[in-house]
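Residues per chain are reported as follows:
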Amino acid sequence: MKKNYITIAAGLMLAALPFVGLSSSVVFAMGTTLIFAVMTIGFSFLMGYGGLASLGTAGFVGVGAYIAYFVVEVYKLPISVAFLITVAISLVMGVLVGFISLRIEGIYLALLTLGLSEILRNTFVSIKATIKINTSTLKMLGMPVGELHIYLLIVAVFIVLMLITTNLINSPIGRALISVKNSPSAAQAMGISLLKHRVLAFVVSTVFAAVAGLLYMLYVRNITTSSTQLFSIITSLNILGAAVIGGAKSLWGSTFGTFLIYGIQSMFLSKIKFFVQNPAFITMLTGVLIIIIVMFYPGGLAQIAMTLKYKIKNLSKKTNVGGAL
Amino acid sequence: MNREVASINLQNAGSEIIDTKAQTEVAGSNIIEVENLCMYFGGIKAVDGLSFEVRRGEIFGLIGPNGAGKTTVFNCITQFYRPTSGRVLYRSTPEAEAVDLSTVKIHDVSTLGIVRTFQNVEVVPELSVLDNLRIAAYRSYTSSILTQMLHLPKLRREEDKVTAKAMEVLEFLGLTLYKDFYAHGLPYGILKKVEIARTLMSDPKLIILDEPAAGLNDTETEELIGIIGQIQEKYGCTILLVEHDMGLVMKVCNRILAISFGKHLALGTPEEIQASPEVQRAYLGEEED
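Residues numbered from 1 in each chain as written. Chains lettered and ligands numbered in written order. Predicted model: local features only at pLDDT ≥ 70, side-chain atom pairs only at ≥ 80, totals over all residues. Heavy atoms only, no water.

Draft legend 1. The arrangement of the sheet that holds strand β7 (residues 206–210) of chain B in detail. Residues and elements named next belong to chain B. Spatially, six strands are ordered β6-β7-β8-β3-β9-β10 in an open sheet, and the strand pairing comes out mixed. In this open sheet, the two edge strands, each paired with only one partner strand, are β6 (114–116) and β10 (263–268). Strand after strand, the sheet turns through a mean of 20° between neighbouring axes, direction not considered. Examined bridge by bridge, β7 and strand β8 (residues 238–242) share five bridges and lie parallel to one another. By the bridge assignment, L209 is partnered in β8 with L241. On the sheet, helix α7 (residues 218–235) packs against β3 (59–63), β7 and β8 and is oriented at approximately 155° with respect to β8. (Pairing = 2+ DSSP bridges. Helix = DSSP H or I, 4+ residues; strand = E, 2+ residues; numbered from the N terminus. Axes fitted to C-alpha atoms, helices over the stretch in contact; angles between N-to-C directions. Contact = heavy atoms within 4.5 Å.)

What follows is the structure in structure tokens.
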């Protein structure tokens, strides 16, 4: 419960950002980073709690983006309809991949989802290489919607999904997922169905990725599929990296990981001449970070934070932990 | 008393083991009936035409040399394996219809009241001891996924109920101190106890223990003997166990079935089994003269 209040407070702070005099480019970078954070939360749930690896995030992001384009721009329907269709279609896709995950595990599952994602990407390119939403067509409740409104929508979606996922993790379902991940045979002996929970983990991550794609389309409004990295393996790997760096078992940790990978890149590194000329060095930086984290802090930044918290607590209390035994 | 009578009978009958099967044939008095069970892995006959029954309320031991197929029998009962042929019938109460366990899905076996432990402890390392017990009551939750997503009051009430039950079980096994510890890194003896505690969370009728004393020292084994007795007394359930520690088996079991190479060797009370020449031959090898 206390956790939920912190999440809501963080949401209010994020929502206040555009009103405290930050430049619009910083707010925009924040908005896109939050969209990627939505993907990371879903992915962390899948990897940290479901114990399943997927490299298919980017494909599902594309599904959301293309649904947004067709529903809002081509058929001129409201954003809420696009949202519902996105959730419905990605839910079905999540169920399908979840069924596959019962038979194929580990690296093979990652490869399979990667293949699926690439198939989706190529399908998108052949359907329409560039998707674009005109500013004037975007309306919510009959009012024209600007960039600021979409930013607030992103913050709202991010916080709601964060709350839902946190609640799920701290519920019987979350514990069941961890037991499926740690020990499938013990889980089954305790009456937990592997299939149901793996499907659930995939549905969550797929729906989150697709919703992120929808938000991205509404926010950025212009995507050239053939040239962007957004729907390619780079995005899937970055999301994986963010979850690993932040700690896949901590939602705020992996959100922070997303900021390290996407936020710092779009807010600071993109302004440094060296990195603008050599964008490959940014990817390299991410790689080095992942190696360091995996080697020294397998639990990610969340583990460092927990260790620090524990140490500070001990210092202030001066209690001997070993004495408890 | 019974044991004495049995041993006298044993002397009368020479070295012949009494056919205990004929003694009681009241329908429903058996909780498990294994009929002609076969489990083949390719050419290896792990279990080969085994039949036995476990009576309600007894502590039944399954012994045999390494590779005799003891764990395979357990896996066939709990549906981790689908038997090649034969069947396992289960009656949760004396009045209940017999259920053929091969028609039950593996994750539904626990809802019938059959719970098990594993040879190598299968405790969830990323959860606290308390949470390890709470997942064992997973099927008792009726909260929908939506209730869990929103943490509605109904979930809170159910969680409180399960937590209270878990605390009671922890208290019973003397694990209260460890409730907030992560299972990862706890001593082996404690983990074994946590696994037994977990079986008590789902109102079991039949507890299947796969080598409960493996890896325990003498003091811990002594404690385990006490625990097994207490569980049977307090929860009134039937216990079926596989064990290599003969001291433990002889002390706690009411009846013992010895098997070798997947085949029936001898069935009877601990004394009968100890005296059985077939069992001695299986364990110690053929005498040469």
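Draft legend 2. How the structure looks around the layout of surface pockets. All names here are of chain A. Volume-wise, the second largest pocket comes out at about 720 Å³. If you trace the second largest pocket, you find 25 residues lining it, with F36, Q229, N238, Y262 and Q265 closest to the centre. Elements represented by at least two residues in the lining of the second largest pocket include exactly α2 (24–49), α9 (194–220), α10 (233–246), α11 (251–267), α12 (273–277) and α13 (280–296). Counting residues per element, the lining of the second largest pocket draws most heavily on α2, at five residues. Grouping the amino acids of the lining of the second largest pocket by side-chain chemistry returns 14 nonpolar, eleven polar and no charged. (1 Å grid on protein atoms, 1.4 Å probe; cavity = no way out; pocket = protein on both sides within 12 Å on 5 of 7 lines; lining within 4 Å. Points joined across faces, edges and corners; volume = space filled by probe spheres on them. Nonpolar A, V, L, I, M, F, W, Y, C, P; charged D, E, K, R; others polar.)

Draft legend 3. Expanded view of the sheet that holds strand β1 (residues 30–41) of chain B. All names here are of chain B. Overall, antiparallel pairing links the four strands, which are arranged β2-β1-β4-β5 in an open sheet. Two strands bound the open sheet, and with one partner strand each, they are β2 (44–55) and β5 (99–100). Where β1 lies against β2, nine bridges are found, and the strand directions are antiparallel. Within β2, the residue paired with I32 across the bridge is V54.

Draft legend 4. Local environment of the nonpolar core. Counting 148 residues, the largest nonpolar core has A:F158, B:L173, B:I231 and B:L241 as its most contacted members. If you tally residues by element for this core, the top one is α9(A), at 18 residues. Core analysis: the second largest hydrophobic core is formed by 29 residues, B:I32, B:C76, B:I114 and B:L206 among them. (Core = buried A, V, L, I, M, F, W, Y, C linked by side-chain atoms within 4.5 Å. Buried < 20%, exposed > 50% of the residue type's maximum accessible area, 1.4 Å probe, protein only.)

Draft legend 5. Quick look at the packing of helix α4 (residues 79–101) of chain A against helix α5 (residues 106–127) of chain A. Residue and element names in this part refer to chain A. Direction vectors running N to C along α4 and α5 enclose 150°, while the axes themselves pass 11 Å from each other. Classified by the angle between their axes, α4 and α5 sit roughly antiparallel to one another. Note on packing geometry: the crossing formed by α4 with α5 is right-handed. Contacts from M93, V97, I100 and S101 in α4 reach L109, L112, T113, L116 and L120 in α5. (Parallel < 35°, antiparallel > 145°, perpendicular 65-115°, else oblique. Left-handed = near helix turned anticlockwise from the far one by under 90°.)

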